[in-house]
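Analysis of the macromolecular model
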Amino acid sequence: MKILKYMSMGLLALALGSCGSDYLDTEYTRHLDAESAGEAAGRNPDVFLNGMWSWQVEYTTNHDTFGLMSVLLAKEMMSEDIAIAAFHWFGYDYDFDNREYNYRRTKQDWELFYTDIAKANEIIGLYPEGGQTADEKGLLGQALAIRGMAYTYLPQIYQTYMNQDGTINREAPGVPILLTTADGYTLDELDGLKGRNTVGAVLDQAEKDLTAAVQNLTESGYKRPTKNYVDLSVAQGLLARYYLLTQQWDKAASAANAARQGYTQRGNAELHDGFMSLSTNDVMWGFIHTPETETTYASYFSHISNLTPGYAGLGYSPKLIDARLYSQIADDDYRKSLFNDAEGDPTQDMPGAQLPYANLKFGNTGDWCMHYIFMRAAEMVLIEAEALVRQGKGAEAAIVLGELMSNRQPSWSKSSVTLDDILLQRRIELWGEGFAYFDLKRNNLGIDRNYEGSNHLAGYLHTIPAFDKRWTYQIPQGEMQENSHIQDSEQNP
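Okay, so let's go over this structure. Worth saying up front: this structure is predicted, and the values here are computed from it rather than measured. (Residues numbered from 1 in each chain as written. Predicted model: local features only at pLDDT ≥ 70, side-chain atom pairs only at ≥ 80, totals over all residues. Heavy atoms only, no water.)

So, the overall build of the protein
The line we're drawing: Secondary structure is summarised from DSSP: a helix means a run of H or I of at least four residues, a strand means a run of E of at least two, and numbering begins at the N terminus for each. Computation of the radius of gyration draws on C-alpha atoms alone. For the globule rule, the value is 2.2 Å times the number of residues to the power 0.38. Burial classes follow relative accessibility: with a 1.4 Å probe on protein chains only, a residue under 20% of its type's maximum area counts as buried, one over 50% as exposed, and anything between as partly exposed. Using the Shrake-Rupley algorithm and a 1.4 Å probe, accessible areas are obtained, with residue cover drawn only from the displayed protein chains. This count recognises Lys and Arg as positive and Asp and Glu as negative, with His and chain-terminal groups excluded. Lysine's charge is taken at NZ, arginine's at CZ, aspartate's at CG and glutamate's at CD.
Along the protein, the regular secondary structure elements total 19 helices and six strands. What you see for the protein is a C-alpha radius of gyration of 22 Å, in line with the 23 Å of a compact globule of 493 residues. With respect to the principal axes defined by its C-alpha atoms, the protein has extents near 65 × 50 × 50 Å. When the 493 residues of the protein are sorted by exposure, 62% land in the buried category. Summed over all atoms, the accessible surface of the protein reaches about 18200 Å², with 50% contributed by carbon and sulfur. On the protein, the mean spot of the 40 positive side-chain charges and the mean spot of the 66 negative ones are 3 Å from each other.

Next comes the structure, spelled out in structure tokens:
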């Protein structure tokens, strides 16, 4: 059984707070005293914002649980775009065997997003009348953006939310919605939201939060001190992701276009800078690691970068690009050089980087202080282009996509593009950044690693169709036990 597998790897199970009546009292949240409330109300909002940002990179107990990027990397492993050279951390995700109610991965994701929600609710609860000053609106807008992001991710992970015909199954069981009386609900109404609300209800809450975040950050004129913080462009970017998910194509194109204003696309030189600095001109949001926050081997770069002396680079589990995807990258595309070819590269320093198809995209500063990137302007171009294609505007989409491709492939010149063109560019551009699983689910696509010439690890050549139950996590055991609003019969298959 899986628990024995984990024990054999020296793993420890995590204790998880639930979404039951006591969820907001777990150790993962901090309640406000009068002095802190005053600070949050305008004198020093960073007290609370820093708590939210640090949680996004929180290392808990195991070397595959280090905040948001570990959640996204685990999902990336459930695609066909990443191959591994050896089974190690994230191996069970790669094997599609990490989704059941008593496994750590289901607990980790639930814990991360509901703690995001709890921390956001502490801030939102300060303003039952809404933010009045610019500082208050700036703080409130960031909290709403984080809560909206959480409610966007949760139904994607914990439900098969699409219908066979490509529409969203809004009536499917979703997840608990945790709000505050400041949202205009009574205590009884709040309690009633702790069951499995429909997917539609959860998504509606996400939209409400994200649009309110954009409004507050617009009205406040908030200027962030660093890219650790959520500003208007990031909130617009989160809203663009939401609209893409919910198939509101016109709104997705508009939000993505607004989000990327003021940013430029990285050129050839920046493509080879290691994707590890928030100062790069296309980075919209992320986390600036310091010696006090870096987590060495239990970190995203340890697992994704073959150039670091971490799990990937040292050869414990090097991360490779899928051979078939590599073959679809044009020879004059600058991004092709972010990966080894079929021969490998014995001149590389780290064993993981010498392998055939090894990724060289993610770098190494030598001090484990590489920045985590949560959002880039390139993603916004791709959202806008896809949303235009979905509306039958292939020529307009080509103009938008051309802004990216002119910095990627000098020979690229198309007067019109198709949906397949856009989805391929998403796979190439966003490789390893946490989008592949979510794109597969929203597009009703499966995976096929079992093809001639596959470089996927023997024994893991899975062919898994869309709608297979393995794409969807079960509700964590702790939540099922402690939340009286969810019955055993309501568990995912």
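Looking at the packing of helix α7 (residues 134-157) against helix α10 (residues 232-245)
Two packed helices can be described by the angle between their axes and the distance between those axes. What counts here: Axis definition: a line fitted to C-alpha atoms, over the contacting stretch in the case of helices. Angles run 0 to 180 degrees between N-to-C directions. These descriptions rest on fixed angle ranges, namely under 35 degrees for roughly parallel, over 145 for roughly antiparallel, 65 to 115 for roughly perpendicular, and the rest for oblique. Two helices cross in a left-handed way if the nearer one is turned anticlockwise from the farther one by less than a right angle. They cross in a right-handed way if the turn is clockwise. In what follows, residue pairs with any heavy atoms lying within 4.5 Å of each other are defined as contacts.
With their axes 10 Å apart at the nearest point, α7 and α10 run at an angle of 25° to one another. With respect to their mutual orientation, α7 and α10 come out roughly parallel. For the element pair α7 and α10, the recorded crossing hand is left-handed. Where α7 abuts α10, its residues Ala145, Met149, Thr152, Tyr153 and Gln156 lie against Leu238, Arg241, Tyr242 and Leu245.

Notes on the packing of aromatic side chains
Spelled out, the test is: In summary, the pairing rule links any two rings of Phe, Tyr or Trp, Trp by its six-membered ring, whose centres are within 6.5 Å, and it sorts them by plane angle into stacked for under 30 degrees, edge-to-face for over 60 and tilted for everything else. Working rule: Lys NZ or Arg CZ, within 6 Å of ring centre, within 35 degrees of ring normal, means a charge sits over the ring.
On inspection of all chains with the given rule, the structure shows 26 aromatic pairs. Aromatic pair Trp110 and Tyr158: ring centres 4.9 Å apart, planes at 85°, arrangement edge-to-face. In this pair, Trp110 is assigned in helix α6 (residues 104-124) and Tyr158 in the loop between α7 and α8 (187-192), connecting sequence segments 48 residues apart. Residue Trp110 is classed as buried on the basis of its relative accessible area of 0%. Taken together, the aromatic side chains of Phe96, Phe113, Tyr153, Tyr437, Phe438 and Trp471 make up a single cluster linked through ring pairs. Stacked on the ring of Phe275, the Lys or Arg Arg266 has its end atom at 4.1 Å from the ring centre. Sitting over the ring of Tyr94, Arg449 keeps its end group 4.1 Å from the ring centre.

Here's the deal with the pattern of salt bridges
Pairing of side chains with opposite charge becomes possible as their charged atoms draw close. Using the following cut-off: A carboxyl oxygen of Asp or Glu within 4 Å of a side-chain nitrogen of Lys or Arg is what we treat as a salt bridge.
Inspection of the entire model under this criterion finds 31 salt bridges. Across the pair Lys75 and Asp109 runs a salt bridge whose closest N-O atoms are separated by 2.5 Å. Of this pair, Lys75 sits in helix α4 (residues 68-76) while Asp109 sits in helix α6, placing them 34 residues apart in sequence. In this structure Lys75 comes out as buried when scored by relative accessible area, which is 0%. Measuring nitrogen to oxygen at the nearest pair gives 3.2 Å for the salt bridge that ties Arg224 to Asp231. Here Asp231 falls in the buried class, since its relative accessible area comes to 13%. What you see here is one network of salt bridges that share partners, running through Arg266, Asp273, Asp282, Asp333, Arg335, Lys361, Arg376, Arg408, Glu429 and Glu433.

Topic: the environment of Lys208
Considering the arrangement of structural elements, one finds Lys208 in helix α9 (residues 199-220). Between the C-alpha atoms of Lys208 and Thr167, which are 41 residues apart in sequence, the distance is 21 Å.

Comments concerning the side chain of Thr308
What counts, and what does not: By the criterion applied in these results, polar contacts are pairs of N or O atoms within 3.5 Å in which, for protein atoms, one can donate a hydrogen and the other can accept it, and in which residues neighboring in sequence qualify only through two side-chain atoms.
Within the secondary structure, Thr308 is located in the loop between α13 (300-304) and β3 (319-321). Within the structure, Thr308 has its side chain in polar contact with the backbone oxygen of Phe301 (distance 3.2 Å). Dropping the residues within four chain positions of it, Thr308 is found in contact with Phe301, Ser302, Gly313, Leu314, Met350, Gly363, Asn364, Trp368 and Met370.

Brief notes about the pairing of strand β2 (residues 283-287)
Here is the rule: Note on pairing: DSSP must find at least two bridges between two strands before they are called paired.
Counting buried positions over the five residues of β2 gives five, a clear majority of the element. In this structure, β2 lies alongside strand β4 (residues 372-376), joined through four bridges in antiparallel fashion. Across the sheet, Phe287 pairs through a bridge with Tyr372, a residue of β4.

Quick look at the packing of helix α15 (residues 377-390) against helix α16 (residues 394-405)
Quick reminder of the rule: Amino acid classes used here: Ala, Val, Leu, Ile, Met, Phe, Trp, Tyr, Cys and Pro are nonpolar; Asp, Glu, Lys and Arg are charged; the rest, including Gly, are polar.
It is the contact of α15 with α16, at a shortest axis distance of 8 Å, that shows an interaxial angle of 170°. As summarised for this structure, α15 and α16 are arranged roughly antiparallel, according to the angle between their axes. Of the residues in α16, those in contact with Ala378, Val381, Leu382, Glu384, Ala385, Leu388 and Val389 of α15 are Gly394, Glu396, Ala397, Val400, Leu401 and Leu404. Of the residues assigned to the contact of α15 with α16, the class counts are ten nonpolar, one polar and two charged.

Purely geometric numbers; function is a separate question.
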